[in-house]
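Each chain, letter by letter, is given below.
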Amino acid sequence: MNFEIKHKDAMGRTGILTTPHGMIKTPALMPVIHPGKQTLDVKKFGAEVVITNAYIMYKNDDLRAKVLEEGVHKLINFPGPIVTDSGSFQLSLYGDIDVNNKEIIEFQELIGTDIGTSLDIPTPPFVKRERAEKELEITIERAKEAFEINGDMMMNSVVQGSTFHDLRSKCAETIGAMEFDVYPIGAVVPLMESYRYTELVDVVMASVKKLPDSQPRHLMGAGHPMVFALAVAMGCDLFDSAAYILYAQDDRFMMPRGTFKLANLVEMPCSCSVCSTHTPEDLRAMNKNDRMILIAQHNLNISFAEIRKIRQSIVDGSLMELVEQRCRVHPYLLDALRNLKKYTAIIEEYDPASKNSAFFYSGPESLGRSEIQRHLSRINRIPPKRNLLLLPRSRKPYSKNLHDEFGKFYLKHVKGDSLSDPQDLWDDLQLAVVDVPFAVIPLEIDEVYPLAQNEAPIITDEDAKKFVREEMEKYMERFDNVIISAKILDRFNMYTIELDSGNETSKHPIRVYSLEEYELDAVKIDVEDREKISSIADYQFGMGAGKALFPGDVKIVKSRKTGKIRHIYEGETLIATLRATDSVFVLDREGARRLHSNMEYPKNRVVVNTDADPFAREGKSIFAKFVIDCDINIRSNEEVLIVNEKDELIAFGKSILCGHEIMDFNTGQAVKTRKGGI
Ligand code: GUN
Ligand code: ZN
């Protein structure tokens, strides 16, 4: 009975949830099955798990007798994992039900449910705080009771707290500490029904940030494919859909682009088996029930197709590109995406350091993505120099193409007194490119993922201009003198603003020293290999890593085919290899030793217990259950050191999970070991 992560992107994950009746690939959609009237064989559409309602079976004498005798799997004719809800939803509809928490939990266990649910109180959004608090207290009491009386059944424990973020967080923290198997987020149906996606983001993030990373989360009642990608990016793993049938009863087609009424269709909305074999006229001419079944089939087809697309995009590392597309189908979803920006710092902690696909800028919302925030924080790991030369964009990688693009640039003087000798500027000089969306890219690291693996439109929008201007100014603060290309001033509307506004009005007074032009030949645009490897190491592992790894004379071996740096040796000893795909260092034993002896505990480390020590030394991968401590700042897909309890280096490898997850998980791999035998 466990949950294991396979792939990650943003806060989304693909994983495997194991239940007594089999394994479920997540993210998963659980079609809602009415226990009395099953209309469709949902397995055929890709359902690996379904959800049904224990309260309906409990209440109905015939169903109750039958399910108690033959079990829920036989009753609804589904051999795989079955989740049951407790009647809480009926409680929220009718205000009262005839069963208590203990009775419904015991009933669920008796009928052989795989994952049961306690009787939480779904407090609606926007109620008075007093009510939310009072009902939350009961929900938490019932969770505690459920934990005590439950036997072997896997259990849901639902996060409530209405639209009070602190109550959601408090609830998530309290029940999260109680080792339930799945954590649903409840009472969000009213938010989704009224398109209040902005509030949905706040409620989900307030919950997820306090829930354990090691258990799946179920966004209860989310059944519209329009919201799946966004919810997955926030860390939701399970969805349930009664919508496929409810919408069908209303002649409505669900699509990731929205909902379409049969009455308005002149064309079928998709290419599924239903849509490719019927016309809207065919359907309109049918009797109501036949039509309903077909539209429900379409709704299931399209919903499972969306789930598959999401799982693939997590593996590819393009989940946020999908979210950005999906959130453009309705203005309120776009609001939700814009609101998600508030949570970038949290999402960044989970977002893998390296991905299989390039970063595509789809509009100003892309500026809120964690890759950008991470880059702008990590450039501070590179030791500052005295002077800065800011260069305009070129094709990527910049360092290989700048010569083609480069024209003339102007001299600007940022701080200090006027320069007696402008030649002075060319010493101790940091070269950096200014571009959308990563703002400033020091030229030494311009090939590191995703700084070369991204694309943005060349016609720059105003938000991006403002963002880049602000980030550029912050970066410029670190230098005594800044020389800036006129092309940058033009592209980011700085030329007129800065020159016209004079000195006093801008926040960091930038004094134009001279408009004297320099010919291209005056500056060397190349970056020295030594500086390049040192800066990449600092950017990747933290300030000082470059000095630690490459302190003395090193031999830099380049690829004969591409001319790119490949291996760094000292004498005959390999220290590290620069991976061609993302220009990130993969350590060798000597590199791991050097990093370990120069970076203080717990930096870059994953600590394994005594049991795992010999396995790690043999180069076997590290399972999360053997980890007793780690650098909480580790991101997934990073190179990490593996040490024992005495902080002795025993191996090194690549993190599969991030620091928080490594600490929280007890199942699955935490680190893929590259080499032991240190
Ligand atoms: N189904 C939809 N919302 C909820 C909820 O908040 N609690 C439970 N138990 N089921 C739900
Ligand atoms: Zn279709």
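**Looking at the site of ligand 1**
Around ligand 1, the surrounding shell consists of Asp-85, Ser-88, Phe-89, Asp-120, Pro-122, Gln-160, Gly-186, Ala-187 and Met-220. Gln-160 is positioned with one of its side-chain polar atoms (N or O) 3.0 Å from an oxygen atom of ligand 1. The contact in question runs from an oxygen atom of ligand 1 to an N or O atom on the backbone of Ala-187, over 2.8 Å. In isolation ligand 1 offers 280 Å² of accessible surface; the protein chains occlude 95% of this area. Of the residues that constitute the shell around ligand 1, the class distribution is 4 nonpolar, 3 polar and 2 charged.

**As for the pattern of salt bridges**
Enumeration over the complete set of coordinates arrives at 47 salt bridges. Ionic pairing is found between Lys-102 and Glu-106, a salt bridge with its closest N-O pair at 3.2 Å. On the criterion of helical spacing, the pair formed by Lys-102 and Glu-106 is a turn pair, its members being 4 residues apart in helix H5 (residues 101-110). For Lys-102, a relative accessible area of 36% puts it in the partly exposed group. Across the pair Glu-639 and Arg-579 runs a salt bridge whose closest N-O atoms are separated by 3.9 Å. Of this pair, Glu-639 sits in strand E29 (residues 639-643) while Arg-579 sits in the loop between strand E24 (573-578) and strand E25 (585-587), placing them 60 residues apart in sequence.

**Structural notes on the side chain of Gln-215**
Structurally, Gln-215 can be placed in the loop between helix H9 (197-208) and strand E10 (217-219). Looking at Gln-215, its side chain comes within polar contact range of the main-chain oxygen of Asp-181, at 3.0 Å. Sequence-distant contacts of Gln-215, defined by excluding residues within four places in its chain, comprise Phe-3, Arg-13, Phe-180, Asp-181, Tyr-183 and Asp-237.

**With respect to the nonpolar core**
Considering soluble globular proteins, one finds that nonpolar side chains tend to be buried as a cluster. Val-42, Leu-219, Leu-230, Phe-239, Tyr-244, Val-323 and Leu-340 are the most contacted members of the largest nonpolar core, which totals 112 residues. By residue number, the principal contributor to this core is helix H13 (residues 288-316), which donates 11 residues. The residues touching Leu-340, leaving out its near neighbours within four places in the chain, are Val-201, Met-205, Leu-230, Met-234, Met-320 and Ile-347. Core analysis: the second largest hydrophobic core is formed by 68 residues, Phe-492, Ile-533, Ile-536 and Tyr-539 among them.

**A short note on the pairing of strand E6 (residues 82-85)**
Side-chain alternation along E6 places Ile-82 and Thr-84 on one buried face and Val-83 and Asp-85 on a second face that is also buried. Bridging between strand E5 (residues 50-53) and E6 involves 4 bridges; their strand directions are parallel. The residue bridging Ile-51 from the neighbouring strand is Val-83, located in E6.

The rules behind these values
- Residues numbered from 1 in each chain as written.
- Chains lettered and ligands numbered in written order.
- Predicted model: local features only at pLDDT ≥ 70, side-chain atom pairs only at ≥ 80, totals over all residues.
- Heavy atoms only, no water.
- Near = heavy atom within 4 Å.
- Polar contact = N/O pair within 3.5 Å; in protein donor to acceptor, adjacent residues only side chain to side chain.
- Areas by Shrake-Rupley, 256 points an atom, 1.4 Å probe, with all protein chains shown as cover.
- Nonpolar A, V, L, I, M, F, W, Y, C, P; charged D, E, K, R; others polar.
- Salt bridge = Lys/Arg side-chain N within 4 Å of Asp/Glu carboxyl O.
- Helix = DSSP H or I, 4+ residues; strand = E, 2+ residues; numbered from the N terminus.
- Buried < 20%, exposed > 50% of the residue type's maximum accessible area, 1.4 Å probe, protein only.
- Contact = heavy atoms within 4.5 Å.
- Core = buried A, V, L, I, M, F, W, Y, C linked by side-chain atoms within 4.5 Å.
- Pairing = 2+ DSSP bridges.

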